[in-house]
Structure formats: C-alpha cells, structure tokens
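What follows is the residue order along each chain.
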Number of protein chains: 2
Amino acid sequence: MAETPIRFGILGCAEIARKVSRAISLAPNAALYAVGSRSLEKATKFAASNGFPESAKIYGSYDAVLDDPNVDAVYIPLPTSLHLKWATLAAEKKKHILLEKPVALNVGEFDKIIEACESNGVQLMDSTMWMHNPRTAEMKKFISDPEKFGELRSVNAIFTFAADSDFLENDIRVKPDLDALGALGDAGWYCVRSILWANDFQLPKFVKALPGTLFNKAGVIMSCGASLHWEDGKVATFHCSFFSNLTMNVTVTGTKGTLHLNDYVIPFEEKQGSFMTATESGFTEFVTGWVPLPSQHTVMTGLPQEARMVSEFSRLVNSIKKDGSVGEKKWPSYSRKTQFVLDAVKTSIDKDGESVSLS
Amino acid sequence: MAETPIRFGILGCAEIARKVSRAISLAPNAALYAVGSRSLEKATKFAASNGFPESAKIYGSYDAVLDDPNVDAVYIPLPTSLHLKWATLAAEKKKHILLEKPVALNVGEFDKIIEACESNGVQLMDSTMWMHNPRTAEMKKFISDPEKFGELRSVNAIFTFAADSDFLENDIRVKPDLDALGALGDAGWYCVRSILWANDFQLPKFVKALPGTLFNKAGVIMSCGASLHWEDGKVATFHCSFFSNLTMNVTVTGTKGTLHLNDYVIPFEEKQGSFMTATESGFTEFVTGWVPLPSQHTVMTGLPQEARMVSEFSRLVNSIKKDGSVGEKKWPSYSRKTQFVLDAVKTSIDKDGESVSLS
C-alpha cells in the first residue's frame, strides 16, 4: 500500500530551502504543500520558482503555516537563534520537524526542542543529508567489519570553504545574533557528526580546542579546530574554516583498515559517490609500493541524499500517523550529541584550549 | 661528460639498507663499493644478496669502511643513537654522508654532525626519499601557484602503520636506547617533513602535542599527534602511530586550492604517482555536486624515488670532488628543521601538551 505523501510546510525562504524543496518534490512519500515568509511576496516568488504546485498555500507568516491543519511537517531553515522558538511552536501545533543544523544555539535549547517534540508526539530530525546517502551505509559496513577494519583508532575530518566577501559581510553564519557558532556550527557540525558517526555515536571523554581560532570583528568563529579523546586512546581531530578552498575530507583509521573520502558532505557527483578503503596494507619486498593496493568503491545514489533524508523522515512521520508509534529517537539523539560536542569545543575555545569533559 | 660513479660504503645491514643498496645500483652515478658490519658473516651475506659486485669490499667493522680510501660516501642506516658517533667519524674521514632519519636523537646532536660535515667539506643529506620523487616537484608547483592554490592555510598529515608483534618487541624503533623518539621519530618524521615542505620550510611559531600519546612499557612513543601554528594563523596537525593500518595522507588547503594524496611517503606504485588538486571549488546550483570537480594528476616516476635521492646526492658529491664546491646546504637545513620540530613536539609531550615555542 502506497504511503500518503507527507505534506510539508516550509518556514522561510532561505537559500538552502530551495535544495530541500527540490528534495521534497523528488521524495515519493512527500509533497510541497505550503511556504511561509514574513513577506508574502517573497513566499509567492519562492513557491513559483521551486516547484510548488498551483494549489500550494502561500503564507505571509510562519504562524500561518503552523496553523494550517493540513500541514503534516515543517522544514525549518531559519537562523539558529530562531530554532527554539519556532521548533517549539511547531511541535505544539503537532507538526513533525525537519530542522536545519546546527539544531540550536546550545544543547540546553535543543533539550527544550526535544521535550516539545516528545510531549507532542512529533518526529524530529536534523537536516544532515549525507547521513542518508547509501554510500554512508556502505562505509559504515566497512568500518564495522572486524576483519577488514578492526578496531577504530583515529578520525580526521576537514570541512572548509572559501567564503566570498558577500558571505563574510552578510550571511547569517557570520552574525552573532543569528548563527552564533559561525564556522563551528556550520562546517564544524559536519566534522563532528562524521567523527561521532565513525565512533558509533559514543561520546568522547573530553575535547580540546586547538590554538589559532580565527574570529570576525563581531566575535564569530571563522576558522577553528579541535581534538576529541576517548577513554581507550581513540583520537579524532577536525578543522573547519570559511577561509580555505572547499575541502571535505574524512579519514578513519582502524587497527586493520583505513577509510578515505574527499567529499563526505556533498558527493562530487549527485548520481554516485565513491570512497577508498584499505585493509592490512603492506609493502612490496623493497618497500617500493603497496600490497595490497587500496580499493575504490562506487555506490550509485539513486534518489539524491537529501531526497532520501526527506523520504526517511516522511516514512517515520507516516508510521506515527498510522499507528501512533513513538517516533525514531536515534535522530534527535544524533543531533543532541553533535550539538553537545560543538558546545564543548566552543567552551574550550572560550577557555583558551582547556580540556572540556563530556562525561 | 659522464660523472664518475660515487663509491658507496654501507654501515650495517639494516633492512632498509637493502632498499638503498638497490637504489645505489639503479642510480647511474653511484656504485655499491663496500659494506661493513660488526659481523663479517652478515656483511658477506648482505653483499651477496643485495647486488654488490664481486669486487665489493666486505668488512667486519664500520671503521674499516671509513678507513677505505676508495669509499667516497657512506650510507648510515644505524640506530639513531649511533648517528652522532658514526656520522662524525665518517665526516672526519672525509666521507660524504647519506643519513637515515631521524637524523639524531636531538637537534643538539645533529648540530655536531653538521659541524663535522662542514668543517670536513662533505655533503650531508638525510634519506627522506619522497622529497626526490618528481611527483613532489609537481605538487610543489601547484601549492606555489597563487592562481591555482592561493595562500597556504592548513596542512594535515597522517602516517600510521600496524606494527606486528615482532616489530613491537624487537624493532629498534621501540627501544629507548636505540630510536628513542619511537613513532614520532619514524612516522612522525615524515608528517613533520611534509608540513614543513608545504610551508617552504618556514618554522612554526609554536607546537603543541595533542593529548593521548601512547607509550610502550619502556616509555617509547607508539602513537602521538600535534598541532603546529604560524604567526599568520596557518595551522597544521599530524597523527603518527604504530597501531593503525598503513595510512599516509597529506591534505594541504589554500585560499584557492586544495592538494590531496594518500601515499606521500611510499607511492602506491613504484612507476607512477598520483595526487589530486582542486581549485576554486564550488557547487552546482542546488548544491548537489561540485563545480569544477577536483582533478587527478599522474606523474611517471622513471628512476624510483630512492634512486633519484642517491643520484642527487651523488651529483652533489661529484660536484664537490670536481671543483671543491661547498655542498648543498639546503639538505642539512631541511633535516635540522625537521628534527627541531620533532624535538619541540617531544618536549610538549613531556610537558603534558604545553605550547613549545620555536622562535
């Protein structure tokens, strides 16, 4: 039996909402239903140029979207400082929530969002698209394989991009009152998520910011890094920045294997994604080459990763709607842990690189 | 006019000396001439199985090699704790020196070796083979290009390998009296060298060891990492370990470009080496892929990198022999800076991660 498409309302007309609107159109179990903006004109334009059907509801406020009884779920791409208010309101109106990252200004705020969602029986998921790529599942298989990968030892994650002058002046991610965590909340979110993902979401024992955090004039982080440390000696490092060419590396080493990829957040190509693995790598007799050579794996994406995300979210919403199931708690749990680590890194930055315990 | 081949004597029969013997055979301007070991039997066996000519001199001591007036140059693969003694003696006997890494137990010792080489007019070069690969020169062109790469912002280097139980029990690199710096002096040497290489050998302002250094029972480093920091905000991190699968990554980000490779020390294949570059990377309209895509570059190696090293060293020796030129000081300078940074990282490890200034 085909699922009833979940009807989405979108709060605001952020640039990223264009990509997610397309994803909602592509997902077989989701439908673009409404968009709200503080400007009715902007909402009208947005709907017209982003594949909304003729019948779509165009609203001049976010409240109006939440008050529409036909809206099943909302996608919230608003600046982070508005997440607590609008996610809480949405939950109270029984709307399921797909929430942009970083999910909140801090984990305390996010706990209030989780509480609102749980007490109103709505699904909460953050919009970390690469988690839903079939490549991610294949990579997880590899690093979970005791024969091919062994035990996890280290992770390095890099996410940088070269922001242009317009971004550095005007983007919400450089404004202390909108996205206060700056590059840490944006690019750093993905780094931390990849590290937690590789660690099966086991939290580190402590984190330590690296020296050399760069801030803009308003005091927002433009570039930073940190190391994360687990009880058993596992270590991870990451570097995120608005000042370097686009780079998205993850390297995961285990006692027996290594995983590499250079496009973990946005695959180079939409239709397929690759990664490299190596197992029990050694050398030729005279150490003049590797035996065995690492191998390249390519996974066909099928539905794009963001459409898979919408589809998985919609599937969970449908299941709640159908039988009142309690929703999938792993997604808000992943979000919370990511935010928790980001907060700890921010605290360490504020304390000049002191260790910050997470236990 | 063809150069006269430089006649090499080898001190000791270390495993790595097999590879370098082959390299000496392959280099057109070098020749295997003598080998010395504390055991004449070992030296005889070594010469027989490593391409030495019938006429080669087999000696039962290192001294005998140094006393042979026909030996132009020595290759010293002895444990690091013996470098000061044997390199100094070799220099005094006017032998040019190709020295295994790490070059000394600390930079103070290495300064004595440099002094001995300078006052005796002999060339000194360390055995960091990848520096001589033609791929390295191509990569340097890329990261020196203001249009394609812009200004350097960050480097991450990883060198790990999974040592087996025999190595962890018996190798010189786990013995405090032989190679006291352990994984830092071995795998870490390459990490630090790649970081300095990317920085045109400009020293960092300070370094800081990451928490989580692992030691063996004898107190030798088995796994560690550090961050390096420059005045202008450039940052580098590295991780080296004997406990993870073989991994050799370098990622260099600039304001406009990125360089990646996964086999910087030993290329996957002897005959060719590849690297990936990206310049002004951006996204497709819906951020569903990269535009432009990174590009892969393959460089044919020709003579293997270690034979190129021997050849370059021999060229310099020949030039000193011919016209009494003073030798190429950049090579000992690269060695010294690498050792200097290693020492600082070691100090930081000993001081529980304190910043250690290099200025």
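Residues numbered from 1 in each chain as written. Chains lettered and ligands numbered in written order. Predicted model: local features only at pLDDT ≥ 70, side-chain atom pairs only at ≥ 80, totals over all residues. Heavy atoms only, no water.

Caption draft 1: Broad picture of the interface of chain B and chain A. Counting residues at the interface gives 58 residues for chain B and 58 residues for chain A. Between chain B and chain A the total buried area reaches about 4,600 Å² when both faces are included, carbon and sulfur atoms providing 62% of it. Connecting chain B to chain A are two salt bridges. Linking chain B with chain A are 26 residue pairs in polar contact (both at pLDDT 80 or more), by the criterion used here. Considered class by class, the residues forming the side of chain B that touches chain A number 21 nonpolar, 25 polar and 12 charged. (Contact = heavy atoms within 4.5 Å. Buried area = accessible area lost by both parts, 1.4 Å probe. Salt bridge = Lys/Arg side-chain N within 4 Å of Asp/Glu carboxyl O. Polar contact = N/O pair within 3.5 Å; in protein donor to acceptor, adjacent residues only side chain to side chain. Nonpolar A, V, L, I, M, F, W, Y, C, P; charged D, E, K, R; others polar.)

Caption draft 2: The arrangement of the packing of helix 5 (residues 107–119) of chain B against helix 11 (residues 330–350) of chain B in detail. Residues and elements named next belong to chain B. Interaxial distance between helix 5 and helix 11 falls to 9 Å at its minimum, and their mutual angle equals 165°. Here helix 11 runs roughly antiparallel to helix 5, going by the angle between their axes. Considering only the axes of helix 5 and helix 11, their crossing is left-handed. Of the residues in helix 11, those in contact with Val-107, Phe-110, Asp-111 and Ile-114 of helix 5 are Pro-332, Ser-335, Arg-336, Gln-339, Phe-340 and Asp-343. A per-class count over the contact of helix 5 with helix 11 returns five nonpolar, two polar and three charged. (Axes fitted to C-alpha atoms, helices over the stretch in contact; angles between N-to-C directions. Helix = DSSP H or I, 4+ residues; strand = E, 2+ residues; numbered from the N terminus. Parallel < 35°, antiparallel > 145°, perpendicular 65-115°, else oblique. Left-handed = near helix turned anticlockwise from the far one by under 90°.)

Caption draft 3: Just the domain arrangement of chain A, in detail. All names here are of chain A. As assigned here, chain A comprises domain 1 (6–130 + 309–325) and domain 2 (133–304 + 339–357). A straight line from the C-alpha centre of domain 1 to that of domain 2 covers 27 Å. Contact between domain 1 and domain 2 buries roughly 1,800 Å² in total, counting both sides, with carbon and sulfur atoms accounting for 59%. Run the count over domain 1 and domain 2 and you get three salt bridges. (Domains from an automatic or database assignment.)

Caption draft 4: Focus on the packing of aromatic side chains. All told, the structure shown has 30 aromatic pairs over all chains when counted by the stated rule. On the numbers, 5.1 Å between centres and 90° between planes, the contact of Tyr-62 of chain A with Trp-86 of chain A is edge-to-face. Residue Tyr-62 of chain A is located in helix 3 (residues 62–67), and its partner Trp-86 of chain A is located in helix 4 (residues 83–92); the two are separated by 24 residues in the primary sequence. Across the pair, Trp-86 of chain A and Tyr-62 of chain A agree in class, each one buried. With 6.4 Å between their ring centres and 85° between their planes, Phe-283 of chain B and Trp-290 of chain B make a pair best called edge-to-face. (Phe/Tyr/Trp six-rings, centres within 6.5 Å; stacked < 30°, edge-to-face > 60°. Buried < 20%, exposed > 50% of the residue type's maximum accessible area, 1.4 Å probe, protein only.)

Caption draft 5: Molecular detail of the sheet that holds strand 5 (residues 96–99) of chain A. Residues and elements named next belong to chain A. Across the sheet, which stays open at both edges, the six strands sit in the order 3-2-1-4-5-6 with parallel pairing between neighbours. Looking at which strands have only one partner, the edges of the open sheet turn out to be strand 3 (57–59) and strand 6 (124–126). Pairs of neighbouring strands in the sheet enclose a mean axial angle of 25°, with direction left out of account. Relative to strand 5, strand 4 (residues 73–76) is paired through four bridges, and the arrangement is parallel. Within the sheet, the bridge partner assigned to Ile-76 lies in strand 5 and is Leu-99. Each of strand 2 (30–36) and strand 3 touches helix 2 (residues 40–49); the most contacted strand, strand 3, lies at about 150° to it. (Pairing = 2+ DSSP bridges.)

Caption draft 6: Here's a closer look at the sheet that holds strand 3 (residues 57–59) of chain B. Residue and element names in this part refer to chain B. Read across the sheet, six strands follow the order 3-2-1-4-5-6 without closing on themselves; strand pairing throughout is parallel. A single partner strand is all that each edge strand has here, and the edge strands are strand 3 and strand 6 (124–126). Along the sheet, successive strands turn relative to each other by an average axial angle of 25°, direction set aside. Examined bridge by bridge, strand 2 (residues 30–36) and strand 3 share three bridges and lie parallel to one another. For Ala-34, the partnering residue across the bridge sits in strand 3 and is Lys-57. Along the sheet, helix 2 (residues 40–49) contacts strand 2 and strand 3; its crossing angle with strand 3, the most-contacted strand, is approximately 150°. Sitting on the sheet, helix 10 (residues 305–323) touches strand 1 (6–11), strand 2, strand 4 (73–76), strand 5 (96–99) and strand 6, and the angle it makes with strand 1 is about 120°.

Caption draft 7: Seen up close, the UniProt feature "domain: Gfo/Idh/MocA-like oxidoreductase N-terminal" (unreviewed entry) in chain A. Listed under "domain: Gfo/Idh/MocA-like oxidoreductase N-terminal" (unreviewed entry) in the UniProt record, and renumbered for this structure, are residues 6–125 of chain A. Across residues 6–125 of chain A one finds 42% helix and 22% strand; the C-alpha atoms that close the span lie 15 Å apart. (UniProt positions renumbered as here; feature names shortened; annotations may be inferred.)

Caption draft 8: Local environment of the pairing of strand 10 (residues 221–229) of chain B. Residue and element names in this part refer to chain B. With nine of its nine residues buried, strand 10 lies for the most part within the structure. Pairing between strand 8 (residues 206–209) and strand 10: four bridges, direction antiparallel. The residue bridging Lys-208 from the neighbouring strand is Ser-227, located in strand 10. In terms of strand pairing, strand 9 (residues 214–215) meets strand 10 through two bridges, oriented antiparallel. Of the residues in strand 10, the one forming a bridge with Phe-215 is Ile-221. As consecutive antiparallel partners, strand 9 and strand 10 are separated by five residues, and within that stretch Gly-219 has a phi angle of approximately 85°, a positive value. Across seven bridges, the pairing between strand 10 and strand 11 (residues 235–241) is antiparallel. Bridged to Ser-223 within strand 11 is Ser-241.

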